[in-house]
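Observations on the three-dimensional arrangement
The residues making up each chain are set out below.
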Amino acid sequence: MNCYELIHSRRTIRKFRQEPLSAEQLMRFIDAARVAPCGGNLQPLKYIAVQSKDMVKELFPLVKWAAYLAPNYTPKEGECPTAYVAVCADLSIRKSGFEADMGAAVENLILAALSEGVGACWMGAIDYDAISSLLKLNDPLKLLCVVALGYPAETPQETTVSDGDIRYYIGENGSLQVPKRALDDVLIKTV
């Protein structure tokens, strides 16, 4: 699969098979995040690989899943992620303005995972204080997001936006349908 096809096949995964990821896989995904572009090449982002069963289990209730379908689409026992990566900013390197850095890094991480058949859910609806405490984060580290990871146990499908409604939903076939705006709807003009 080429890069364009990989990007177009990417969907957020919220249901996972219970096959663990290796430490080597997590390091490759974090390494892909590490080399993403960042403002001024300051590289303020730091990462925590969460893969022990106990820590993954403790982290799970501190994140929120699928707001449009909550609580029915929260992973059940046997569908939970098998790992997380916590993304942090080192405030001693950069105090603010690292949101674009985070976006580039997390997308690199997600695409690297997908290239190995691993699904991901980028999560910002999280309990920042509780997760920071669980992971023993201290100044100057600030938690920005977590990425849930694991082998997919679902196959969400892209669909077209209808009547401006961008909310994902469960389709007649039982799979998650993810509306995306058409290229003609987002391309303002070519000059």
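See the structure printed just above.
Residues numbered from 1 in each chain as written. Predicted model: local features only at pLDDT ≥ 70, side-chain atom pairs only at ≥ 80, totals over all residues. Heavy atoms only, no water.

Across a regular strand the side chains alternate sides, sitting on one face of the sheet and then on the other. Most of strand β7 (residues 176-180) sits out of view: 4 of its 5 residues are buried. Sheet topology places strand β5 (residues 157-160) next to β7; 4 bridges connect them, and they run parallel. Residue pairing across strands places Glu158 opposite Val178, the latter belonging to β7. In this sheet, β7 lies alongside strand β6 (residues 169-170) in antiparallel orientation, the contact comprising 2 bridges. (Buried < 20%, exposed > 50% of the residue type's maximum accessible area, 1.4 Å probe, protein only. Helix = DSSP H or I, 4+ residues; strand = E, 2+ residues; numbered from the N terminus. Pairing = 2+ DSSP bridges.)

Here we take up the layout of surface pockets. Reported here for the largest pocket is a volume of approximately 390 Å³. As for the largest pocket, its lining consists of 13 residues, and the residues nearest its centre are Gln18, Lys53, Val56, Cys80 and Pro81. For the lining of the largest pocket, a count of residues per class yields 5 nonpolar, 4 polar and 4 charged. A volume near 240 Å³ is recorded for the second largest pocket. Taken together, Tyr4, Ile7, His8, Arg10, Arg11, Glu107, Glu158, Lys180, Arg181, Ala182, Leu183 and Val186 form the lining of the second largest pocket. Broken down by secondary-structure element, the contributors of at least two residues to the lining of the second largest pocket are α1 (3-9) and α6 (183-186). For the lining of the second largest pocket, the element with the most residues is α1, which contributes 3 residues. (1 Å grid on protein atoms, 1.4 Å probe; cavity = no way out; pocket = protein on both sides within 12 Å on 5 of 7 lines; lining within 4 Å. Points joined across faces, edges and corners; volume = space filled by probe spheres on them. Nonpolar A, V, L, I, M, F, W, Y, C, P; charged D, E, K, R; others polar.)

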